[in-house]
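Below, each chain spelled out in residue letters.
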2 protein chains.
Amino acid sequence: MNMNFSSKLLEDAVAEFARLPGIGEKTALRMVLFLLNRTDSEVEKFAGALLRLKREVNFCRECGNISDEPVCSICTASKRDRSLICVVEDSRDVMAIENTRQYNGLYHVLGGLISPMDGIGPSDLNIGKLLERAGKEETRELILALSATMEGDTTVFYLYKKLKGIPVALSSIARGIAFGGEIEYADEVTLGRSILTRVPYKGENS
Amino acid sequence: MNMNFSSKLLEDAVAEFARLPGIGEKTALRMVLFLLNRTDSEVEKFAGALLRLKREVNFCRECGNISDEPVCSICTASKRDRSLICVVEDSRDVMAIENTRQYNGLYHVLGGLISPMDGIGPSDLNIGKLLERAGKEETRELILALSATMEGDTTVFYLYKKLKGIPVALSSIARGIAFGGEIEYADEVTLGRSILTRVPYKGENS
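Being a predicted model, the structure only gives us computed values, none of them experimental.

(A) Up close: the pairing of strand 6 (residues 169-172) of chain B. Residue and element names in this part refer to chain B. Strand direction decides the pairing type here: strand 5 (residues 141-144) and strand 6, joined by four bridges, are parallel. Note on strand 6: the bridge partner recorded for isoleucine 143 is serine 171. In this region the chain leaves strand 5, passes through helix 7 (residues 150-163) and returns to the parallel neighbour strand 6; the handedness of that crossover is right-handed.

Set out below in structure tokens:
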């Protein structure tokens, strides 16, 4: 839909919102009109929270995760298993894995994946620090939890080459059919791989 | 999902975005992280466009539509049919109707619908000005183009009562099965009404 804006100010604001991921012009307009109906102070609070985050945000100097302190609460936690480092693309993945309550090691946030198409090379990512951490005596294993996409695979392969010679175990999270997922709806690649990488059956609560 | 934010600043920004219509916490996080990856000037441009709109936006003093001028370009257009006024809920409806290129009259934007549930009464809407415009000699017909919801119907009924005694024709946009819509998928109310309000068949290009 080619919209006829009655106001340049409105058009500009909608254009900015339409740049957000997954937001089209119609949804952007709906958001902007919603904010226009809020009070001045509410709109200032909205814009202020974003500007403050952008100006004051810190990335943990150890793992690269978003943090209000120089070193994040996970890296400073005394009860965490410091021999494990789970390598992820961004802070969302840290939150998702933390929510499972199944992992008690540390993280390393790359801040993206290698993607020549988008002009993102290894030097744009938080890889130097990862190699440094991998080389520490306390580090025993790196768990690669990257997306099963071309960019994820490229990044895994790059890390694999860079980590050669560093005495650290490398693992990748398990791929397969989701729990509760129906086999007939699974994509062919996942289904095929899940048969090839089948695991011995050990009874219910293995 | 109950998210564990590693940063209060991040949490605040996500909470603000999650207030937007149709945006949950996960999508809000995705948007905020997207903006965090942009440059400072891009984020300032985003926030600035919104703040400028909120501070400088004008509503046409004739029809109530969003406008950069005191009177909007539709109300000042010399080629518009000034005897017709299409009454709509908000600026989005004006854009949607303008996009059809089927209407050449004026508009009147109410700025909402009567909704006791949301605490919106007639005095919160741009109704006084509508009654004034309806009473003008040049005005011949008001076309009510409001949503077919309880709020829309309440508003139509309120306007109908208020307009009694003012010599102006009242009409409502046609309701029925959408062009290209399949009858078996139409909801019962629409289908039932579309039979009751059937129109004589006049051949293809009537």
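(B) Quick look at the interface of chain B and chain A. At the junction of the two partners, chain B supplies 53 residues and chain A supplies 53 residues. For the pair chain B and chain A, the summed buried surface comes to about 5400 Å²; carbon and sulfur atoms form 71% of the total. Among the residues of chain B in contact with chain A, B:Leu9, B:Lys54 and B:Met95 are the three that bury the most area, contributing 13% of the side total. Connecting chain B to chain A are four salt bridges. At the junction of chain B with chain A, the criterion picks out twelve residue pairs in polar contact (both at pLDDT 80 or more). With 14 residues, the top contributor of residues to the side of chain B that touches chain A is helix 3 (residues 40-56) of chain B. Of the residues contributing to the side of chain B that touches chain A, the split by class is 28 nonpolar, nine polar and 16 charged.

(C) Spotlight on the relation of the copies chain B and chain A. The transformation that overlays chain B on chain A combines an axial shift of 0.0 Å with a rotation of 180 degrees, and the residual RMSD is 0.0 Å. Both chain copies can therefore be described as sitting about a two-fold axis. Among all residues of chain B, the one whose C-alpha sits closest to the rotation axis is B:Ala47, at a distance of 2.6 Å. Taken as a fraction of all interface residues of chain B, those also at the interface in chain A reach 100%, which identifies the copy contact as same-surface.

(D) Spotlight on the sheet that holds strand 6 (residues 169-172) of chain A. All names here are of chain A. Reading across the sheet, the four strands line up as 4-3-5-6 and stay open at both edges, with parallel pairing between neighbours. The open sheet has two free edges, formed respectively by strand 4 (105-109) and strand 6, since each of these has just one partner strand. In this sheet, neighbouring strand axes are inclined to one another by 25 degrees on average, regardless of whether the strands run parallel or antiparallel. As paired elements, strand 3 (residues 81-88) and strand 4 share five bridges and run parallel to each other. By the bridge assignment for strand 4, valine 88 is matched with valine 109. In the packing of helix 5 (residues 91-100) onto the sheet, contacts are made with strand 3 and strand 4, and the angle to strand 4 comes to roughly 160 degrees. The sheet contacts of helix 7 (residues 150-163) involve strand 3, strand 5 (141-144) and strand 6, and relative to strand 5 the element is tilted by about 165 degrees.

(E) Local environment of the sheet that holds strand 5 of chain B. All names here are of chain B. What the four strands build is an open sheet, ordered 4-3-5-6; its pairing is parallel. The strands lining the two open edges of the sheet, one partner per strand, are strand 4 (105-109) and strand 6. Strand-to-strand twist in this sheet, taken as the mean axis angle between neighbours without regard to direction, amounts to 25 degrees. The pairing of strand 3 (residues 81-88) with strand 5 spans four bridges and is classified as parallel. Its bridge partner being in strand 5, valine 87 is matched across the sheet by leucine 144. Sitting on the sheet, helix 5 (residues 91-100) touches strand 3 and strand 4, and the angle it makes with strand 4 is about 160 degrees. Of the strands in this sheet, strand 3, strand 5 and strand 6 touch helix 7, which is tilted by about 165 degrees from strand 5.

About the thresholds
Residues numbered from 1 in each chain as written. Chains lettered and ligands numbered in written order. Predicted model: local features only at pLDDT ≥ 70, side-chain atom pairs only at ≥ 80, totals over all residues. Heavy atoms only, no water. Pairing = 2+ DSSP bridges. Helix = DSSP H or I, 4+ residues; strand = E, 2+ residues; numbered from the N terminus. Right-handed = clockwise from strand over helix to strand, strands pointing away. Contact = heavy atoms within 4.5 Å. Buried area = accessible area lost by both parts, 1.4 Å probe. Salt bridge = Lys/Arg side-chain N within 4 Å of Asp/Glu carboxyl O. Polar contact = N/O pair within 3.5 Å; in protein donor to acceptor, adjacent residues only side chain to side chain. Nonpolar A, V, L, I, M, F, W, Y, C, P; charged D, E, K, R; others polar. Least-squares fit on C-alpha atoms with pLDDT ≥ 70 in both. Axes fitted to C-alpha atoms, helices over the stretch in contact; angles between N-to-C directions.

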